[in-house]
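These are the residues of each chain, in order.
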Amino acid sequence: MSSPSKRREMDVMKLMMSDYTVETINDGLSEFNVEFHGPKESLYEGGVWKIRVELPDAYPYKSPSIGFVNKIFHPNVDELSGSVCLDVINQSWSPMFDLLNVFEVFLPQLLLYPNASDPLNGDAASLMMKDKKLYDQKVKEYCERYAKKENISNSTAGEESGDEEDISEEESGSSDDDIPGHADP
């Protein structure tokens with residue numbers, strides 16, 4: 001490769017030409033969202049997430065920043081920010097890896113094999129270690145509630161549009177924490 005910018009362009013184009021839906025932000029190749037589907041035969045199967053990708057100027061020599069936009073219940077994903085704790089991205093990144101590796105290998109492996117001993121979400125890690133059945137149920141509940149196609153198509157555009165008014169009185173009987181898609185700015 002002759003320069004990091006050419007490599008960035010090539011990797012983003014490769015991702016766009018694959019089976020992933022890529023939505024650029026600010027018409028550049030440094031920030032974009034990717035539609036990611038939970039791996040088959042996992043608790044996350046059927047779930048659809050919008051993944052925010054930010055490429056540093058030094059990419060591919062420096063790793064991309066990866067985060068879930070819509071909620072996911074997982075020990076290695078921060079529930080509020082969506083940040084991902086994944087050694088291969090955060091510590092052992094190599095220019096040999098590309099964006100397809102992130103979406104075809106690293107993220108599926110993260111969802112298939114959560115690491116409760118290195119958590120970003122302590123509640124998920126604790127539940128996974130203490131009550132696997134209840135953990136599995138909560139993962140599926142989050143997938144059902146937050147990881148549907150309609151959640152990713154409006155998860156950034158509709159966050160501040162006052163969608164709470166559409167919630168019926170029965171549904172609003174719970175705490176404010178239960179309202180999906182409203183992260184702090």
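Owing to the predicted nature of the structure, the values given are computational and were not obtained by experimental measurement. What you see as residue numbers is a count from 1 along each chain, following the sequence as written. Given that this is a predicted model, residues contribute local features only at a pLDDT of at least 70 and side-chain atom pairs are listed and counted only at 80 or more, while totals for whole chains, interfaces and linings are drawn from all residues. Only heavy atoms go into the side-chain values, all of them from the structure, while hydrogens and water stay out.

Our next topic: the sheet that holds strand β1 (residues 22-24). Should DSSP find at least two bridges between two strands, the strands are taken to pair. Helix and strand labels come from DSSP, where a helix needs a run of H or I of at least four residues and a strand needs a run of E of at least two; each type is numbered from the N terminus. If you walk across this open sheet you meet the 4 strands as β1-β2-β3-β4, and the pairing is antiparallel. The sheet is open, and its two borders are formed by β1 and β4 (65-68), each paired with just one other strand. Strand-to-strand twist across the sheet, computed as the mean angle between neighbouring axes with direction ignored, equals 25°. Inspection of the sheet shows strand β3 (residues 48-54) paired to β4 by 4 bridges, in the antiparallel sense. By the bridge assignment for β4, Arg52 is matched with Gly67. The strands touched by helix α3 (residues 99-112) are β2 (31-37), β3 and β4; relative to β2, the strand with the most contacts, the crossing angle is about 50°. Here an angle of 0 to 180 degrees is reported between the N-to-C directions of two axes, which are lines fitted to C-alpha atoms, with helices fitted over the stretch in contact. What makes two residues a contact is simply this: any of their non-hydrogen atoms within 4.5 Å.

Here we come to the UniProt feature "active site" (unreviewed entry) in the chain. When the UniProt feature table is mapped onto this chain numbering, "active site" (unreviewed entry) sits at Cys85. Structurally, Cys85 is set in the loop between β4 and α2 (87-90). Residue Cys85 is classed as buried on the basis of its relative accessible area, which comes to 17%. With sequence-adjacent residues up to four places away left out, Cys85 is seen in contact with Asn76, Asn90, Leu110, Asp118 and Leu120. UniProt positions are given in the numbering used here, feature names are shortened, and annotations may be inferred rather than shown by experiment. Buried means the residue's accessible area, taken with a 1.4 Å probe over protein chains only, is under 20% of the maximum for its type, while exposed means over 50%, and partly exposed covers the values in between.

This brings us to unusual backbone geometry. With an omega of 10°, the peptide bond between Tyr59 and Pro60 qualifies as cis. On the secondary structure map, Pro60 appears in the loop between β3 and β4. Although it is not a glycine, Glu41 sits at a positive phi angle of roughly 60°. Residue classification places Glu41 among the exposed positions, given a relative accessible area of 77%.

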